[in-house]
2 protein chains.
Amino acid sequence: MKTIIIDMDDVLADASARILEIFNELNGTNVDKSFFDNRNFYEFINSNGHKPYRPQLFEPGFFRNLTVMPDAQEVVKELSEKHKVYVVSAATEFPNSLKEKYDWMAEHFPFISWKNFMLCGDKSIVKGDVMIDDHEKNLKTFDGEALLFDAMHNKLLTGYHRVYNWQEIHKHLLNLV
Amino acid sequence: MKTIIIDMDDVLADASARILEIFNELNGTNVDKSFFDNRNFYEFINSNGHKPYRPQLFEPGFFRNLTVMPDAQEVVKELSEKHKVYVVSAATEFPNSLKEKYDWMAEHFPFISWKNFMLCGDKSIVKGDVMIDDHEKNLKTFDGEALLFDAMHNKLLTGYHRVYNWQEIHKHLLNLV
């Protein structure tokens, strides 16, 4: 039995989809995730006088209404029956998100107990065997196996074991004991 | 520079004082903290048909209005200037407490950044050099130095380095490098 640390935004919850909706609405653009396959996401959104989407992350409702990533529920449920699964989300930057993330988890991942749910600032004090995350800042201080969940803002990042979806994670962790 | 993990309830915030107020009000008793110096707290409150205080932990306002433990602000501020200080609170059992604990920290410990604040269920996935906590369940899975903060509900617990107040912690950690 292993301890698996799973991130929330862009790993369980499709934050990128909502971010692009907001960005396109604000800027009259029509970019989708694949637009960033070979582009630096942060450079693009901060260029050409684009209006920033980020203030909306602080607004009530943003985190409560995100859609679930494909196959996440089924795979995380199976993992949680065999291992110690913790959902660890960087949330304290966004005070409104705390209760919203709790409610979102209770709705979509009711099999994850409050005991296995953590809201934090930085993840450098988190230990475990496997961490699944879309941000290098979280993975680089982790002592166990780091899996980089593919996302529009990390396409150009190298040096990590990249996983593209929950089916792939399922296959990869199937034989974990 | 060390990583110091500090608990919130009964370490930074005087939860016990408020719990006894509620308990006394509910039961027409007049017990204070010293009443439990040689008694098992949990046995007493669950005996004699006493009305339980615990449901009130789930009510709005409980965590927001706790008083600060003596000398905690000054000592934690000094520690945070020399070390990486994280405040880690078991909070996800009480959904109402999430934002309240955030607001309480912002009011009383504004020098602790959101990056160094963590709300969790269990603390078995937390790593660091020193943990200050009043509950054995949190200290027993910690790999670093464990300091048991004296509290009315842990008086009979042995096998840990017990600290009685923040002045004592200050003296103990003064030469930590």
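Bear in mind the structure is a predicted one, so any value in this text is a computation, not a measurement.

*Asks:* Looking at this structure, I do not really get the interface of chain B and chain A. What am I missing?
*Replies:* Put simply, an interface is often sized by how much accessible area is lost when its parts join up. Facing 24 residues of chain B, the contacting portion of chain A comprises 24 residues. Each partner contributes to the roughly 2,400 Å² buried at the junction of chain B and chain A, and carbon and sulfur atoms together form 65% of this total. Summed over the three residues of chain B that lose the most area to chain A, namely B:Trp114, B:Ile125 and B:Lys127, the buried surface amounts to 31% of that side. Remark: the boundary between chain B and chain A carries 2 salt bridges. Where A:Asp143 meets B:Lys127, a salt bridge forms, and the shortest distance between an N and an O atom there is 3.0 Å.

*Asks:* How should the relation of the copies chain B and chain A be read in this particular structure?
*Replies:* The operation relating the two chain copies consists of a rotation about an axis and a shift along that axis. When chain B is fitted onto chain A, the two copies agree to an RMSD of 0.0 Å after a turn of 180° and an axial shift of 0.0 Å. These values place the two chain copies in the arrangement generated by a two-fold rotation axis. The fraction of interface residues of chain B whose copies in chain A are also interface residues reaches 100%, indicating that both copies meet through the same surface.

*Asks:* Before we go on, may I ask you to explain the side chain of B:Asn138 in this structure?
*Replies:* All names here are of chain B. Relative to the helices and strands, asparagine 138 resides in helix H5 (residues 136–139). For asparagine 138, a relative accessible area of 4% corresponds to the buried category. Only 3.0 Å separates the side chain of asparagine 138 from the side chain of aspartate 133, close enough to count as a polar contact. With near-sequence residues (within four places) excluded, asparagine 138 lies in contact with Lys123, Met131 and Asp133.

*Asks:* How should I be thinking about the environment of B:Glu74 in this particular structure?
*Replies:* On the secondary structure map, B:Glu74 appears in helix H3 (residues 72–82). Sequence spacing of B:Glu74 and B:Ser97 is 23 residues, and the spatial spacing of their C-alpha atoms is 24 Å.

*Asks:* What should I look at first to understand the nonpolar core in this one?
*Replies:* Soluble globular proteins: nonpolar side chains tend toward being buried together. Within the largest apolar cluster, 94 residues are counted, with the highest numbers of intra-cluster contacts made by A:Leu12, A:Ile132, A:Trp166, B:Leu12, B:Ile132 and B:Trp166. Excluding its chain neighbours within four sequence positions, the residues that come into contact with A:Trp166 are A:Ile6, A:Val11, A:Leu12, A:Met69, A:Pro70, A:Asp71, A:Ala72, A:Val75, A:Val76, A:Leu79, A:Ile132 and A:Phe149. In terms of nonpolar packing, the next biggest core, distinct from the first, is built from 24 residues, A:Ile5, A:Met118, A:Ile125 and B:Leu148 among them.

*Asks:* Help me understand the packing of aromatic side chains, please; the structure alone is not making it clear to me.
*Replies:* Any aromatic ring pair is given by two values, namely how distant the centres are and how the planes are angled relative to each other. Following the criterion strictly, the structure yields 28 aromatic pairs over all chains and no others. With 5.0 Å between their ring centres and 75° between their planes, B:Phe36 and B:Phe41 make a pair best called edge-to-face. In this structure B:Phe41 comes out as buried when scored by relative accessible area, which is 3%. Among the aromatic residues, those joined into a ring-pair cluster are A:Phe23, A:Phe35, A:Phe36, A:Phe41, A:Tyr42, A:Phe44 and A:Tyr53. Across the ring face of B:Phe35, the terminal group of B:Arg39 is positioned such that the distance to the ring centre comes to 3.7 Å.

*Asks:* Can you help me understand helix H6 (residues 166–173) of chain A in this one?
*Replies:* Helical geometry note: an α-helix holds 3.6 residues per turn, so side chains three or four residues apart project in the same direction. Residues and elements named next belong to chain A. Among the residues of H6, Trp166, Ile169 and Leu173 are the ones counted as buried. Mapping the buried residues of H6 onto a view down its axis gives an arc of 55°, with all of them on the same face. You can read the cap of H6 off the contacts: a side-chain oxygen lies 3.1 Å from the backbone nitrogen of glutamine 167, and it is on asparagine 165.

*Asks:* Where do I start with the side chain of B:His83 in this structure?
*Replies:* All names here are of chain B. Tracing the chain through its elements places histidine 83 in the loop between H3 and strand S2 (84–90). A residue is classified by how much of its surface remains accessible, and histidine 83, at 5% relative accessible area, is buried. Those residues in contact with histidine 83 that sit more than four places away from it in its chain are Met1, Lys2, Ile4, Leu176 and Val177.

*Asks:* I would appreciate a short explanation of unusual backbone geometry in the present structure.
*Replies:* It is generally the case that most residues other than glycine have a negative phi and that most peptide bonds are trans. All names here are of chain A. The backbone of aspartate 10 sits at a positive phi, close to 65°, despite the residue not being glycine. By the element assignment, aspartate 10 lies in the loop between strand S1 (3–6) and helix H1 (15–27). With a relative accessible area of 7%, aspartate 10 lands in the buried category.

*Asks:* Sorry if this is basic, but what is going on with the UniProt feature "active site" (unreviewed entry) in chain A here?
*Replies:* Residues and elements named next belong to chain A. Within this numbering scheme, the UniProt entry marks Asp7 and Asp9 as carrying the feature "active site" (unreviewed entry). Relative to the elements of secondary structure, aspartate 7 occurs in the loop between S1 and H1. Beyond its immediate chain neighbours, meaning those up to four positions away, aspartate 7 contacts Leu12, Val88, Ser89, Lys123, Ile132, Asp133 and Asp134. Within the structure, aspartate 7 has its side chain in polar contact with the side chain of lysine 123 (distance 2.9 Å). Mapped onto the elements of the fold, aspartate 9 is located in the loop between S1 and H1. Residue aspartate 9 is classed as buried on the basis of its relative accessible area, which comes to 16%. With residues up to four places along the chain from it excluded, the contact list for aspartate 9 reads Ala15, Phe63, Leu66, Ser89, Lys101 and Asp134.

Rules used in this analysis
Residues numbered from 1 in each chain as written. Chains lettered and ligands numbered in written order. Predicted model: local features only at pLDDT ≥ 70, side-chain atom pairs only at ≥ 80, totals over all residues. Heavy atoms only, no water. Contact = heavy atoms within 4.5 Å. Buried area = accessible area lost by both parts, 1.4 Å probe. Salt bridge = Lys/Arg side-chain N within 4 Å of Asp/Glu carboxyl O. Least-squares fit on C-alpha atoms with pLDDT ≥ 70 in both. Helix = DSSP H or I, 4+ residues; strand = E, 2+ residues; numbered from the N terminus. Buried < 20%, exposed > 50% of the residue type's maximum accessible area, 1.4 Å probe, protein only. Polar contact = N/O pair within 3.5 Å; in protein donor to acceptor, adjacent residues only side chain to side chain. Core = buried A, V, L, I, M, F, W, Y, C linked by side-chain atoms within 4.5 Å. Phe/Tyr/Trp six-rings, centres within 6.5 Å; stacked < 30°, edge-to-face > 60°. Lys NZ or Arg CZ within 6 Å of the ring centre and 35° of its normal. Arc of directions from axis to C-beta. UniProt positions renumbered as here; feature names shortened; annotations may be inferred.

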